Amino acid sequence: MRHIHIIGIGTGNPEHVTIQAINAMNAADAVFLPTKGEGKEGLALVRRDICERYISNPRCSIIDYEVPKRQTEGRSYVQSVAEWHAALADSYVDLILSLPPNGAGAFLVWGDPSLYDSTIRIIERARERMTVEFDYSIVPGITSVQALAASHRIPLNHVGKPVEITTGRRLSELGLQSESTVVMLDGEQSFRKIDEPDAEIFWGAYLGTEDEIILSGRLGDIAEEILKARAEARQRHGWIMDIYLLRKGQDLEET
């Protein structure tokens, strides 16, 4: 039976890669690297650098595969994602079938496979489509949530209070609900719409890499500076991955 390793590699710093992840990569016959087209070469280069640093198994090959573009016109968000996952599952089937019988392959996942990543879902779709059986295992990785807190040298939560992890889309729809809210996948910079000028924002982009940018302060004071820095960075690199924490209220505050 073939085996697939789904490996969390952290946020771009090769030193985020765990010993467990290194061992899993070296147990693979092939590591599958996604290419996302012009302007996003940097993402593939980080994965390739990790492979060059840590793979010592001479039998392990690097196989590139093209990530299909998600079609959004005339579709709801859920419909467009479902179609995109189906197209990716077809690619995964081909990749897995390219492995030798009883061989192993590896997908390197940004951050951790459990948090706002769909590799596990797509692997399950591929299993449903294949006549050849395979199994898979997960190697956890450092998330951008952890990297953000580390770079800003802060705890995520107020003492005894919850932390919400959500998307920019949901923040825009529901507003700021929790004392501490981590916002991911926010291409629209939804913090601009939050009427909480006294809230604190801790923002970071390219976390863990040499291009890391972090900014923090009162939301009402720093929002425009973040927007400007984000736009300039995206123009410079051709892509951006960013995340932020919104925090309101005081630490050690009774409810």
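Rules behind the numbers
Residue positions are counted from 1 within each chain, in the order its sequence is given. Local features in this predicted model are restricted to residues whose pLDDT is 70 or higher, and side-chain atom pairs enter the listing and the counts only when it is 80 or higher, whereas totals over whole chains, interfaces and linings include all residues. In computing side-chain values, all of the structure's heavy atoms are included and hydrogens and water are not. Note on pairing: two strands pair once DSSP finds at least 2 bridges between them. Only DSSP runs of H or I with at least four residues qualify as helices, and only runs of E with at least two residues qualify as strands; both kinds are numbered from the N terminus onward. Think of each axis as a best-fit line through the C-alpha atoms, taken over the contacting stretch in the case of a helix, with angles from 0 to 180 degrees between the N-to-C directions. Note on contacts: a residue pair is in contact if any heavy atoms of the two residues lie within 4.5 Å. An expected span of 1.5 Å times one less than the residue number is assigned to each helix. Only protein chains enter the calculation, and the probe is 1.4 Å; a residue is then buried if its accessible area is under 20% of its type maximum, exposed if over 50%, and partly exposed in between. Each cavity reported here is a set of points on a 1 Å grid over the protein atoms alone in which a 1.4 Å probe fits but cannot get out, each pocket an open set with protein on both sides within 12 Å along at least five of seven lines, and each lining residue one with an atom within 4 Å of a point. Grid points are joined across faces, edges and corners, and a volume is the space filled by probe spheres set on the points. Amino acids outside the nonpolar list (Ala, Val, Leu, Ile, Met, Phe, Trp, Tyr, Cys, Pro) and the charged list (Asp, Glu, Lys, Arg) are all regarded as polar, and Gly is one of them. For this document, the term salt bridge refers to a Lys or Arg side-chain nitrogen within 4 Å of an Asp or Glu carboxyl oxygen. Each pair of aromatic rings taken from Phe, Tyr and Trp, with Trp reduced to its six-membered ring, is defined by centres within 6.5 Å and is described as stacked if the planes are under 30 degrees apart, edge-to-face if over 60, and tilted in the remaining cases. We call a charge positioned over a ring when the NZ of a Lys or the CZ of an Arg lies within 6 Å of the ring centre and within 35 degrees of the ring normal.

A. Fine view of the sheet that holds strand E1 (residues 2-8). If you walk across this open sheet you meet the five strands as E3-E2-E4-E1-E5, and the pairing is parallel. Looking at the sheet topology across the chains shown, the edges are occupied by strand E3 (61-66) and strand E5 (134-139). Strand-to-strand twist of the sheet, defined as the mean angle between neighbouring strand axes without regard to direction, takes the value 25°. Bridge analysis of E1 against strand E4 (residues 104-109) gives six bridges, and the strand direction is parallel.

B. Seen up close, the sheet that holds strand E9 (residues 213-218). Here five strands make up an open sheet; going across it, the order is E6-E7-E10-E8-E9 and the pairing mixed. For this open sheet the edge positions go to strand E6 (163-167) and E9, each flanked by a neighbour on one side alone. Between one strand axis and the next, the sheet turns by 15° as a mean value, whatever way the strands run. Sheet analysis places strand E7 (residues 180-184) next to strand E10 (residues 242-247), joined by four bridges and oriented antiparallel. Each bridged residue has a counterpart across the sheet, and for Ser180 the counterpart in E10 is Arg247. Running at roughly 165° to E9, helix H7 (residues 219-237) makes contact with strand E8 (200-205), E9 and E10 of the sheet.

C. Spatial organisation of H7. Over its 19 residues, H7 extends 25 Å from the first C-alpha to the last, a length consistent with the 27 Å expected when each residue adds 1.5 Å. Restricting attention to buried positions, one finds in H7 the residues Leu219, Ile222, Ala223, Ile226, Leu227, Ala229, Arg230 and Ala233. Trailing H7 by a residue or two, Gly238 shows a phi angle of about 85°, which is positive.

D. Layout of the pairing of E10. Burial analysis of E10 places six of its six residues in the buried class, which makes it a mostly covered element. Burial along E10 is two-sided: Asp242, Tyr244 and Leu246 facing one way and Ile243, Leu245 and Arg247 facing the other are all buried. One ladder, built from six bridges, connects E8 with E10; its direction is antiparallel. Counted as the bridge partner of Gly204 is Ile243 from E10.

E. Structural detail: the environment of Ile154. Counting through the fold element by element, Ile154 comes out in the loop between helix H5 (144-152) and E6. Sequence-wise, Ile154 and Gly249 are 95 residues apart; in three dimensions their C-alpha atoms are separated by 15 Å. Non-local contacts of Ile154, meaning those with residues more than four positions away in its chain, are made with Ala149, Phe202, Leu245 and Arg247.

F. Structural view of the layout of surface pockets. There is about 320 Å³ of room inside the second largest pocket. Forming the boundary of the second largest pocket are 15 residues, of which Gly12, Val46, Thr209, Glu210 and Asp211 lie nearest the centre. A class-by-class count of the residues in the lining of the second largest pocket yields six nonpolar, six polar and three charged.

G. Main features of the pattern of salt bridges. Tallying each qualifying case throughout the model produces 11 salt bridges. A salt bridge links Asp64 to Arg48; the shortest N-O distance between them is 2.9 Å. Of this pair, Asp64 sits in strand E3 while Arg48 is found in helix H2 (residues 41-54), placing the two residues 16 residues apart along the sequence. A salt bridge links Glu196 to Lys248; its shortest N-O distance comes to 3.8 Å. Taken together, the residues Glu196 in the loop between E7 and E8 and Lys248 in the segment after E10 connect sequence positions 52 residues apart. Lys248 gets classed as partly exposed once you look at its relative accessible area, which sits at 23%. Among the charged side chains, a network of salt bridges with common partners joins Asp198, Arg218 and Asp221.

H. Summary view of the packing of aromatic side chains. Taken as a whole and judged by the stated rule, the model has six aromatic pairs. The rings of Phe32, Tyr65, Tyr92 and Phe107 are connected pair by pair, giving a single aromatic cluster. Just above the ring of Tyr77 sits the side chain of Arg169; from NZ or CZ to the centre is 4.0 Å.

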